[in-house]
Amino acid sequence: MIAEDRARALLEAHLGGGSRVLHSETVARLMGALARDLGEDARLWTLVGLLHDLDDRETASDRTRHGVLAAEWLRDDLPPEGREAIAAHDHRTGRRATTRLAACLRLCDAFAIAAEEVPAQVLAVASASDLRAALPARPYLADMILALCVEQGFDRARLAAAHG
Ligand SMILES: [Fe+2]
Ligand SMILES: [Fe+2]
């Protein structure tokens, strides 16, 4: 498995100077926290969070390839379940999140994006309708967060606490 410092160097090389690095660090932190709660491999989950948007620039004109390309690049760096989660993190690829790792990556990604517009403490407690109203440009993020929390048995407050 890829070392964390090499993963960070890859991130810098592909996304350096962009807000996506900060977003990737946030998703990595959330993934690590969930993995520890669940008794999963926190190192793997953190790396998956860190690298999930690695191909952001290269797939800007074709989001059906977003994540899929990164998973190909990481063929020798992550185990299959990690690459599959990255390949399936964006709904526009048409891929489904079929593992807990993949579902949690979607959840952490959606939460991190939503938290750029709405304070995490509000995301933790807002009603479904308030959450949609608070995210007018992307109400589907509210639906994703709510549905995935139910599916995976998580309290939104746990994500908010890990987000900080
Ligand atoms: Fe993405
Ligand atoms: Fe992302």
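How each quantity is defined
- Residues numbered from 1 in each chain as written.
- Chains lettered and ligands numbered in written order.
- Predicted model: local features only at pLDDT ≥ 70, side-chain atom pairs only at ≥ 80, totals over all residues.
- Heavy atoms only, no water.
- Helix = DSSP H or I, 4+ residues; strand = E, 2+ residues; numbered from the N terminus.
- Buried < 20%, exposed > 50% of the residue type's maximum accessible area, 1.4 Å probe, protein only.
- Contact = heavy atoms within 4.5 Å.
- Areas by Shrake-Rupley, 256 points an atom, 1.4 Å probe, with all protein chains shown as cover.
- Donors = N, O, S within 2.8 Å, 3.2 Å for Na, K, Ca; no water.
- Disulfide = S-S within 2.5 Å.
- Arc of directions from axis to C-beta.
- Polar contact = N/O pair within 3.5 Å; in protein donor to acceptor, adjacent residues only side chain to side chain.
- Core = buried A, V, L, I, M, F, W, Y, C linked by side-chain atoms within 4.5 Å.
- Expected span 1.5 Å × (residues − 1).

(A) Structural detail: the overall build of the protein. In terms of helices and strands, the protein carries 10 helices and 0 strands. Taken from N to C terminus, the helices and strands of the protein fall in the order α-α-α-α-α-α-α-α-α-α. Over its C-alpha atoms, taken along the principal directions, the protein stretches across nearly 40 × 35 × 30 Å. For the protein, buried positions account for 52% of its 164 residues. Put simply, of all contacts in the protein between residues at least 6 apart along the chain, 59% involve residues at least 24 apart. With the model as given, the accessible surface of the protein reaches about 7,500 Å², and the carbon-plus-sulfur share is 51%.

(B) Summary view of the coordination of the iron ion (ligand 1). For the iron ion (ligand 1), the full set of protein donor atoms is Asp53 (OD), His66 (NE2) and His89 (NE2), and the range of their distances to it is 2.1 to 2.2 Å. Positions of the donor residues of the iron ion (ligand 1) along the chain correspond to the pattern D-x12-H-x22-H. Between the two metal centres, the iron ion (ligand 1) and the iron ion (ligand 2), the spacing is 3.5 Å, with Asp53 acting as a shared donor. Linking Asp53 in the loop between helix H3 (42-51) and helix H4 (68-73) with His66 in the loop between H3 and H4, this pair joins segments that are 13 residues apart in sequence. Overall, the relative accessible area of 1% leaves Asp53 in the buried class.

(C) Region of interest: the coordination of the iron ion (ligand 2). All of the protein donors around the iron ion (ligand 2) are His23 (NE2), His52 (NE2), Asp53 (OD) and Asp109 (OD); their distances to the metal are 2.2 Å. Of note, the donors binding the iron ion (ligand 2) are all from one chain and are spaced H-x28-H-D-x55-D.

(D) Layout of the state of the cysteines. Considering all chains together, one arrives at 0 disulfides under this definition. Its sulfur unpaired, Cys104 is 6.2 Å from the next cysteine sulfur, which belongs to Cys108. Judged by relative accessible area, Cys104 falls into the buried class, the value being 0%. Sulfur of Cys149: no disulfide; nearest cysteine sulfur belongs to Cys108 and is 9.1 Å away.

(E) Fine view of helix H10 (residues 156-163). Arg156, Leu159, Ala160, Ala162 and His163 are the residues of H10 that are buried. Take H10 and look down its axis: the buried residues cluster within an arc of 165°, on one side only. Packing partners of the buried residues in H10 comprise helix H2 (19-38), helix H6 (100-114), helix H7 (120-125), helix H8 (128-134) and helix H9 (139-152). The N-cap residue of H10 is Asp155: its side-chain oxygen and the backbone nitrogen of Ala157 are 2.9 Å apart.

(F) The nonpolar core, seen in detail. In this structure, Met31, Val48, Leu51 and Leu78 are the most contacted members of the largest nonpolar core, which totals 56 residues. If you list the elements that add at least two residues to this core, you get helix H1 (4-15), H2, H3, helix H5 (80-87), H6, H7, H9 and H10. With 12 residues, the top contributor of residues to this core is H6. Ignoring any residue separated from it by four or fewer positions in sequence, one finds Met31 in contact with Trp45, Thr46, Val48, Gly49, Leu101, Cys104, Leu105 and Cys108.

(G) Layout of H2. An ideal rise of 1.5 Å per residue puts 28 Å on 20 residues; H2 measures up with 29 Å between its terminal C-alpha atoms. Here H2 has its buried residues at Val21, His23, Ser24, Thr26, Val27, Ala28, Leu30, Met31, Gly32, Ala33, Leu34 and Ala35. Phi for Gly39, located one or two positions after H2, is positive at around 70°.

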